[in-house]
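The residues making up each chain are set out below.
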Amino acid sequence: MKILVTAFEPFEKENINPSYEALKNVRDRIMNAEIIKMQVPTIFYLSTKKVIEKIEEISPDAVLSIGQAAKKYSVNVERVAINIDDARIPDNAGQQPVDTPIDPDGMPAYFATIPIKKIVEEIKREKLPSVISNTAGTYVCNHLMYGILNYIHKNDLPIKAGFIHVPYSSEQVLDKPDTPFMSLEDMTRAIEIALRVIATNDTHISVPR
Ligand code: PCA
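All values derive from a computational prediction rather than experimental measurement. (Residues numbered from 1 in each chain as written. Predicted model: local features only at pLDDT ≥ 70, side-chain atom pairs only at ≥ 80, totals over all residues. Heavy atoms only, no water.)

Chemist: So what exactly am I meant to see when it comes to the site of the ligand here?
Modeler: Taken together, Phe 8, Phe 11, Asn 17, Thr 42, Gly 67, Gln 68, Tyr 139, Val 140, Cys 141 and His 165 make up the full set of residues near the ligand. Asn 17 places a polar side-chain atom, nitrogen or oxygen, 2.9 Å from an oxygen atom of the ligand. Within the backbone of Cys 141, a nitrogen or oxygen atom sits 2.9 Å from an oxygen atom of the ligand. The fraction of the free accessible surface of the ligand (270 Å²) that becomes covered by protein chains is 94%. (Near = heavy atom within 4 Å. Polar contact = N/O pair within 3.5 Å; in protein donor to acceptor, adjacent residues only side chain to side chain. Areas by Shrake-Rupley, 256 points an atom, 1.4 Å probe, with all protein chains shown as cover.)

Chemist: For this particular structure, what's the right way to read the sheet that holds strand 1 (residues 2-8)?
Modeler: Strand pairing in a sheet relies on backbone hydrogen bonds. The paired strands run either parallel or antiparallel. Overall, mixed pairing links the 7 strands, which are arranged 2-3-1-4-9-5-8 in an open sheet. The open sheet is flanked by strand 2 (29-30) and strand 8 (130-133), the only strands paired with a single partner. Relative to strand 3 (residues 33-40), strand 1 runs parallel, the two being bridged by 7 bridges. Each bridged residue has a counterpart across the sheet, and for Leu 4 the counterpart in strand 3 is Ile 36. (Pairing = 2+ DSSP bridges. Helix = DSSP H or I, 4+ residues; strand = E, 2+ residues; numbered from the N terminus.)

Chemist: Where do I start with the environment of Thr 203 in this structure?
Modeler: Mapped onto the secondary structure, Thr 203 falls in the segment after helix 5 (184-200). For Thr 203, a relative accessible area of 52% gives the class exposed. Taking C-alpha positions, Thr 203 is 28 Å from Glu 21, a pair spaced 182 residues apart along the chain. In contact with Thr 203, other than residues within four places in its own chain, are Pro 115 and Lys 118. (Buried < 20%, exposed > 50% of the residue type's maximum accessible area, 1.4 Å probe, protein only. Contact = heavy atoms within 4.5 Å.)

Chemist: What is the right way to read the environment of Ala 109 from this model?
Modeler: In this fold, Ala 109 is placed in strand 7 (residues 109-111). Residue classification places Ala 109 among the partly exposed residues on the basis of a relative accessible area of 31%. For the pair Ala 109 and Val 80, spaced 29 residues apart in sequence, the C-alpha to C-alpha distance is 6.8 Å. The residues contacting Ala 109, other than those within four sequence positions of it, are Val 80, Ala 81, Ile 82 and Tyr 146.

Chemist: It is not clear to me how the nonpolar core should be interpreted in this structure. Could you clarify?
Modeler: Side chains of a nonpolar character, in soluble globular proteins, are inclined to be buried together. With 65 residues, the main nonpolar core has Ile 3, Val 51, Leu 64, Ile 119, Ile 164 and Leu 195 as its most contacted residues. The greatest single-element share of this core, amounting to 10 residues, is contributed by helix 5. The residues contacting Ile 3, other than those within four sequence positions of it, are Ala 33, Glu 34, Ile 35, Ile 36, Ala 62, Leu 195, Ile 198 and Ala 199. (Core = buried A, V, L, I, M, F, W, Y, C linked by side-chain atoms within 4.5 Å.)

Chemist: What's the story with unusual backbone geometry in this structure? I'm lost.
Modeler: Excluding glycine, residues mostly have negative phi values, and the peptide bonds linking residues are mostly trans. Of note in this structure, Met 31 is not a glycine but carries a positive phi near 50 degrees. One can find Met 31 in the loop between strand 2 and strand 3. Here Lys 127, not a glycine, exhibits a phi torsion of approximately 70 degrees, which is positive. Checked against the element boundaries, Lys 127 lands in the loop between helix 3 (116-125) and strand 8.

Chemist: So what exactly am I meant to see when it comes to the pattern of salt bridges here?
Modeler: Note on pairing: side chains with opposite charge can pair once their charged atoms come close. What the rule picks out here adds up to 14 salt bridges. In this structure, Arg 88 engages Glu 12 in a salt bridge whose closest nitrogen and oxygen atoms are separated by 3.2 Å. Pair noted here: Arg 88 is in the loop between strand 6 (80-82) and strand 7 and Glu 12 is in the loop between strand 1 and helix 1 (18-24), with a separation of 76 residues, a long-range link. Using a relative accessible area of 62% as the deciding quantity, one classes Arg 88 as exposed. Glu 12 gets classed as partly exposed once you look at its relative accessible area, which sits at 35%. (Salt bridge = Lys/Arg side-chain N within 4 Å of Asp/Glu carboxyl O.)

Chemist: Where do I start with helix 2 (residues 46-58) in this structure?
Modeler: The periodicity of an α-helix, 3.6 residues per turn, causes residues three or four positions apart to be oriented the same way. Taking 1.5 Å of rise per residue, 13 residues should cover 18 Å, and helix 2 covers 18 Å from first to last C-alpha, within 8% of that figure. Buried residues of helix 2: Ser 47, Thr 48, Val 51, Ile 52, Ile 55 and Ile 58, and no others. Viewed along the axis of helix 2, the buried residues span an arc of 145 degrees, placing them on a single side of the element. Looking at helix 2, the residues exposed on the side facing more than 90 degrees away from the buried face are Glu 56 and Glu 57. Those residues of helix 2 hidden inside the fold are in contact with strand 1, strand 3, strand 4 (62-68) and helix 4 (140-154). A positive phi of about 45 degrees marks Ser 59, the residue just after helix 2. (Expected span 1.5 Å × (residues − 1). Arc of directions from axis to C-beta.)

See below:
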């Protein structure tokens, strides 16, 4: 099988985006899955367009997108993407949509189709903090997650998709006292665990919660 994994370019005055730095070190093969990595611009619409082009080119079985979430302590596995853009800051092209539907003809929301609880459970089993998140925000990350799930839904494609937010990396918080962070090595490990769960299509959770 093939899994496309996307991560974002830096935004909001950061020099790096930990999602992409962590993704660079993810192995190219996990279990039976070939991992195809791609960096996407932190730009509304263009991000989705680039990922859809890639999906059409390589026909993956699953798409996992990764992004940075400032102020988070854990690996946040997103449950849902909502049909709204409401940007606190401009994107990397200067666009700042406010209260704007992503797709006026799309569903109000889509749930992730990867096994989110199993992923959280497995990441925690390997001693890294992880939680389910019930909002991916209203910025470019939610926009991309929505755009991918909307494309898959509208075209009735057998592709699983989901999104993971990672905290700042240690190097990003050197001048931000008392700000949560995680090492890039731990993020890489968490992404590999998530990919292992997706590759094995393992949905069994030991304790319902
Ligand atoms: N995080 C932003 C967009 C790009 C990224 O890495 C977000 O959470 O929307």
